[in-house]
Amino acid sequence: MSDSEQTGDPRNWDTAPGDEDLDGHEMAGDVGSYLVGLALATLLTVVSFFIAQTTLVWQPSIPVALAVLAIAQMGVHLVFFLHITTGPDNVNNVMALAFGVLIVLVLMTGSLWIMAHLNQNMMPMDQIMQMQR
Amino acid sequence: MSAFDAAAGAGPSWDRQPTAGHAAGGLVSKRIIVGYGFWIFLLSDIIMFSAFFATYAVLAGATAGGPGGRELFDLHNVAIETACLLLSSFTCGIASIGARARRGSWFYGAMAATLILGAGFLFLEVREFAGLVARGAGPTRSAFLSAFFTLVGCHGLHVTAGLLWLLTMMAQVFAKGYRADILRRILCFGLFWHTLDIIWVALFTVVYLMGAGQ
């Protein structure tokens, strides 16, 4: 099988994740997309490492800033390296990604929430040990 | 949608006419089906990592009187590791461009650069682990360190597998040339390598930057 088996309007073709549009284009444009991604990711990484060690800002805001920067960098990687876009040829890939993100969020928040409650409601370990004596 | 229809060969011919939106009519190329399937696998791999992340986040404070992240983590080392992996992600993209354009110098050169950068990342990580164990902060010291070694070590194992896959792809291109099936494997390898970098972004943020700041 090959790409030539796709019929119909090229604008309606699907795209594999990692592939850019299937219509012919120059290698220079491809490299440019990766270069933009590299520059943005480098910028976000440098800011992350700077923020983590700085004393210039209110300290409790640092974890939030780090989380925002990390999510932004993941978005940069998805768009410029994995070529997951919002185009009509990418709906399948985006839907799969959205489902994955949903499961990740349920798993992370659910675990942290339940474990924090258990931790809070459980008797301290030394008292349990005393009851067993 | 169309990928599944095409794979099953289902649907009458009138159903394969081009329609509005993403669902194109007709058969979809195997490259798209393979890439989509591998994307599903990668998302399930990310979900597995999220379980390790949840474990780590729950146990991050359980140091059992032992050393915490602030004493253990060397952000200078982590910054070099991050630079290695980010640059290797870029060179991996260059390699996939070179493979699709069938340019040997681009493909082999970029793959070799990816190999060197990935191996450098692994070397730094192994050295960090060995240093922690030598200081008595091995995975048996506390629940925090167990979770740390599990999470970071699992990513390291993925990178190791990726390097073996990388060498396999270079050998296959050398032996068999740029055949369609080889190019599909290179597509999957590129997706795998970029995803490892995405997981590393979450990892250095949650484990190292937030851990060292506490």
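In this text the structure is predicted, and so the values were computed from the model without any measurement.

Moving on to the overall build of chain A. Along the backbone of chain A there are four helices and zero strands. When the helices and strands of chain A are listed from N to C terminus, the series reads α-α-α-α. For chain A, long-range pairs separated by at least 24 residues make up 56% of all intrachain contacts whose partners lie at least 6 apart in sequence.

Bringing helix H7 (residues 180-213) of chain B into the picture now. Each α-helix turn comprises 3.6 residues. Residues three or four places apart therefore point the same way. All names here are of chain B. Along its 34 residues, H7 runs 49 Å from first to last C-alpha, staying within 8% of the 50 Å computed at 1.5 Å per residue. Phe204 marks where H7 bends most, by close to 30 degrees. Burial runs high along H7: 24 of the 34 residues are buried.

As a further point, take the environment of Arg141 of chain B. The residue Arg141 of chain B is located in the loop between helix H5 (104-134) and helix H6 (143-176) in this model. With 21 residues separating them in the primary sequence, Arg141 of chain B and Gly120 of chain B have C-alpha atoms 27 Å apart.

Turning our eyes to something else, we now look at unusual backbone geometry. Residue and element names in this part refer to chain B. At Ala64, a position not held by glycine, the phi torsion is positive, near 50 degrees. As for its placement among the helices and strands, Ala64 is situated in the loop between helix H2 (30-59) and helix H3 (69-72). Positive phi values are uncommon outside glycine, yet Arg102 reaches one of about 55 degrees. Turning to its location among the elements, Arg102 is positioned in the loop between helix H4 (75-100) and H5. Judged by local crowding, Arg102 falls into the exposed class, with 12 C-beta atoms found within 10 Å.

The partner chain B presents 52 residues to the 52 residues of chain A that form the contact. When residues in the side of chain A that touches chain B are grouped by element, the largest group, 13 residues, is from helix H3 (residues 91-121) of chain A. The class makeup of the residues in the side of chain A that touches chain B is 28 nonpolar, 17 polar and seven charged.

Here we come to the confidence of the model for chain A. Of the residues in chain A, 83% reach a pLDDT of 70 or more, and the chain-wide mean stands at 83. Note that residues 1-7 of chain A has pLDDT below 50 and, in this model, 17 contacts with residues that lie over four places away or in other chains.

For the rest of this paragraph, the subject is the environment of Ala101 of chain B. By the secondary structure assignment, Ala101 of chain B is in the loop between H4 and H5. In this structure the C-alpha to C-alpha distance between Ala101 of chain B and Tyr178 of chain B, which are 77 residues apart in sequence, comes to 9.4 Å.

Our focus in this paragraph is the nonpolar core. By size, the foremost hydrophobic cluster in this structure holds 74 residues, and its most contacted members are Phe148, Leu151, Leu191, Leu203, Phe204 and Val207 of chain B. Counting residues per element, the ones that place at least two in this core are helix H1 (27-53) and helix H2 (61-81) of chain A together with H2, H4, H5, H6 and H7 of chain B. Looking at this core, the element that brings in the most residues is H7 of chain B, giving 18 residues.

Bringing the domain arrangement of chain A into the picture now. Domain parsing of chain A yields domain 1 (16-85) and domain 2 (87-133). Using C-alpha coordinates to define each centre, domain 1 of chain A is positioned 26 Å away from domain 2 of chain A.

All names here are of chain B. Following both chains from N to C, one finds H6 and H7 inclined at 160 degrees, their axes separated by 10 Å at the closest point. Compared by their axis directions, H6 and H7 come out roughly antiparallel. Two packed elements cross with a definite hand, and for H6 against H7 that hand is left-handed.

This paragraph deals with the packing of H4 of chain B against H7 of chain B. Residue and element names in this part refer to chain B. Two numbers describe how H4 lies on H7: the axes approach to 10 Å, and their chain directions differ by 165 degrees. Taken together, the axes of H4 and H7 are roughly antiparallel relative to one another. Once H4 is placed against H7, the crossing between them reads as left-handed. Here H4 contributes Leu75, Val78, Thr82, Leu85, Leu86, Ser89, Cys92, Gly93, Ser96, Ala99 and Arg100 to the contact with H7, which in turn contributes Leu183, Ile186, Leu187, Gly190, Trp193, His194, Asp197, Trp200, Phe204, Tyr208 and Ala212. When its residues are assigned to classes, the contact of H4 with H7 shows 14 nonpolar, six polar and two charged.

Procedures and definitions
- Along each chain, residues carry numbers from 1 onward, in the same order as the chain's sequence is written.
- In the order they appear in the text, chains get letters beginning with A and ligands get numbers beginning with 1.
- Where totals are concerned, whole chains, interfaces and linings use all residues; where local detail is concerned, this predicted model gives features only for residues with pLDDT of at least 70, and gives and counts side-chain atom pairs only at 80 or more.
- Starting at the N terminus, helices and strands are each numbered in turn, a helix being any DSSP run of H or I of at least four residues and a strand any DSSP run of E of at least two.
- We call two residues in contact when the distance between their C-beta atoms, placed using the backbone, is within 7 Å.
- Take the residue count of a helix, subtract one, and multiply by 1.5 Å to get its expected span.
- The angle between axes fitted to the seven residues ending at a residue and the seven residues starting there is what we call the bend at that residue.
- Exposure classes come from backbone-placed C-beta atoms, where a residue is buried if 20 or more other C-beta atoms lie within 10 Å of its own, exposed if 12 or fewer do, and partly exposed in between.
- When residues are sorted by character, Ala, Val, Leu, Ile, Met, Phe, Trp, Tyr, Cys and Pro go into the nonpolar class, Asp, Glu, Lys and Arg into the charged class, and all the rest, Gly among them, into the polar class.
- The pLDDT score gives, residue by residue, the confidence of the prediction method on a 0 to 100 scale.
- Remark: nonpolar core denotes a set of buried Ala, Val, Leu, Ile, Met, Phe, Trp, Tyr and Cys residues whose joining runs through C-beta atoms within 7 Å.
- An automatic or database domain assignment supplies the start and end points of every domain.
- Between N-to-C directions, angles span 0 to 180 degrees; the directions come from axes that are lines fitted to C-alpha atoms, helices contributing only their stretch in contact.
- Every angle not falling under 35 degrees, over 145, or within 65 to 115 is termed oblique; those three ranges are roughly parallel, roughly antiparallel and roughly perpendicular.
- Crossing handedness: left-handed means the near helix sits turned counterclockwise from the far one by under a right angle, and right-handed means the same turn made clockwise.

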